[in-house]
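A closer look at the structure
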2 protein chains.
Amino acid sequence: MKRVKQKIFQDYIARQGLKSTRQRDIILDAFLSSDRHLSIEELYLKLRAKHPNIGYATVYRTLKLFAESGIAREIHFGDGQTRYEHVSEGEHHDHLVCTGCGTIIEFENESIEKLQDEVAAAHNFLIKHHKLELYGLCAKCRS
Amino acid sequence: MKRVKQKIFQDYIARQGLKSTRQRDIILDAFLSSDRHLSIEELYLKLRAKHPNIGYATVYRTLKLFAESGIAREIHFGDGQTRYEHVSEGEHHDHLVCTGCGTIIEFENESIEKLQDEVAAAHNFLIKHHKLELYGLCAKCRS
DNA sequence: TTGCATGCAAAAATTTTGCAGAAGT
DNA sequence: ACTTCTGCAAAATTTTTGCATGCAA
């Protein structure tokens, strides 16, 4: 999986005439071996531990590249922190976000997606992508 | 509808021992007679036209009060602009967001909500609220 | 060599906060 | 009188940009 995404990114870089650099490799590695919903700051801090001279701007620019290449996606949970999540080809998932401990659970539901398509069709709307987030308390935080 | 919300807000203000002021009335009026998904800046600019001396901070603080009182809700469409939408008691709706022209269409779908409850139950998760947004092109922008 | 990438700092953009004076209750 | 509000400016956050230098192709 990790190798696959590294390849996708390298191919994207090459195709666009961009360059493969040490920083991009480091950031990609840190991203791929992290929590699937990392905020930019979390990733930056994690990087700083081993690579104190990597700039914040480079992290921002590189994450945008990841999104462009298709291996990551920008997400906003409304807490003022932009996050990036891992994207696997052809896969989509939605989120259960625990407002107690911040845990994020992913799920997929074919029936919901189908109903979404129906709603869109009723409005003659062409869906490109969607976002479904359920906020509340996870099992642990309920007790 | 407008009267109802004004009353809800006034009651909230009174209950909290807060004060009814000219600015709050003006902002509430502008909010209630606006598009249902107004960004803070849009509302601020609209206000400035007639009331040039209202401060940005007051708009921010007042919109937060609207949300606390239950007549408004903060929403983020991921474009870096915080918006507030109108909330009617017991009513919930989701959004079709046109990435072409920015139009926002509201919809409700009981079946989707039911499936969401099932997903939550399967994870022993207690839903407080949710967000469902379908992004794509509206009928007009498709042609 | 050529031109993209990096790191730093400065700039933008958005939201929050402190404070003195103004205004509701 | 008392306390909350307001407007302004300053501060805090988050993200973007400019630029000289570094580095990959």
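Reading the values: rules and limits
Residues numbered from 1 in each chain as written. Chains lettered and ligands numbered in written order. Predicted model: local features only at pLDDT ≥ 70, side-chain atom pairs only at ≥ 80, totals over all residues. Heavy atoms only, no water. UniProt positions renumbered as here; feature names shortened; annotations may be inferred. Pairing = 2+ DSSP bridges. Helix = DSSP H or I, 4+ residues; strand = E, 2+ residues; numbered from the N terminus. Axes fitted to C-alpha atoms, helices over the stretch in contact; angles between N-to-C directions. Domains from an automatic or database assignment. Contact = heavy atoms within 4.5 Å. Buried area = accessible area lost by both parts, 1.4 Å probe. Salt bridge = Lys/Arg side-chain N within 4 Å of Asp/Glu carboxyl O. Polar contact = N/O pair within 3.5 Å; in protein donor to acceptor, adjacent residues only side chain to side chain. Nonpolar A, V, L, I, M, F, W, Y, C, P; charged D, E, K, R; others polar. Least-squares fit on C-alpha atoms with pLDDT ≥ 70 in both. 1 Å grid on protein atoms, 1.4 Å probe; cavity = no way out; pocket = protein on both sides within 12 Å on 5 of 7 lines; lining within 4 Å.

By the naming in an unreviewed UniProt entry, chain A is Ferric uptake regulation protein, taken from Geobacter metallireducens. Heading Subcellular location (unreviewed entry) of the UniProt record for chain A holds this comment: "Cytoplasm".

Sheet architecture is open: six strands sit in the order β5(A)-β4(A)-β6(A)-β6(B)-β4(B)-β5(B), paired in mixed fashion. Bordering the open sheet on either side are β5 (104–107) of chain A together with β5 (104–107) of chain B, each of which pairs with just one other strand. With strand direction ignored, the average angle separating the axes of adjacent strands in the sheet is 20°. Where strand β4 (residues 94–98) of chain B lies against strand β6 (residues 126–137) of chain B, four bridges are found, and the strand directions are parallel.

Moving on: the domain arrangement of chain A. All names here are of chain A. Each assigned domain of chain A is listed here: domain 1 (2–86) and domain 2 (94–142). Taken over C-alpha atoms, the centre of domain 1 sits 24 Å from the centre of domain 2. Contacts between the two partners involve five residues from domain 1, matched on the other side by seven residues from domain 2. With both sides pooled, the region where domain 1 packs onto domain 2 buries about 540 Å², and carbon together with sulfur makes up 54% of that total. Among the residues of domain 1 in contact with domain 2, His37, His76 and Phe77 are the three that bury the most area, contributing 78% of the side total. One can count one salt bridge joining domain 1 with domain 2. Its salt-bridge partner being Glu106, residue Arg36 comes within 3.0 Å of it at the nearest N-O pair. Our enumeration of links across domain 1 and domain 2 arrives at four residue pairs in polar contact (both at pLDDT 80 or more). Grouping the constituent residues of the side of domain 1 that touches domain 2 by class yields one nonpolar, two polar and two charged.

It is worth spelling out the relation of the copies chain B and chain A at this point. Mapping chain B onto chain A calls for a screw motion: a turn of 179° about the axis and a shift of 0.0 Å along it, with 0.1 Å RMSD after fitting. The transformation relating the two chain copies, once decomposed into turn and shift, fits a two-fold axis. Residues of chain B ranked by C-alpha distance from the rotation axis are headed by Leu132 of chain B, positioned 2.2 Å from it.

All right, on to the UniProt feature "binding site: Fe cation" (unreviewed entry) in chain A then. Here the UniProt feature "binding site: Fe cation" (unreviewed entry) sits at His92, Asp94, Glu113 and His130 of chain A. Judged by maximum C-alpha separation, these annotated positions cover 39 residues in sequence but sit close together in space, the widest gap being only 10.3 Å. In the annotated set above, the residues contributing to the lining of the largest pocket are His92, Asp94 and His130 of chain A. Note that His92 of chain A resides in the loop between β3 (82–86) and β4 (94–98). Excluding residues that lie within four positions of it along the chain, His92 of chain A makes contacts with Arg73, Glu108, Glu113 and His130 of chain A. Polar contacts involving the side chain of His92 of chain A include one to the side chain of Asp94 of chain A, which spans 3.0 Å. Tracing the sequence through the fold places His130 of chain A in strand β6 (residues 126–137). The residues contacting His130 of chain A, other than those within four sequence positions of it, are His92, Asp94, Glu113 and Gln116 of chain A together with Glu133, Leu134 and Tyr135 of chain B. At a separation of 2.9 Å, a polar atom in the side chain of His130 of chain A contacts the side chain of His92 of chain A.

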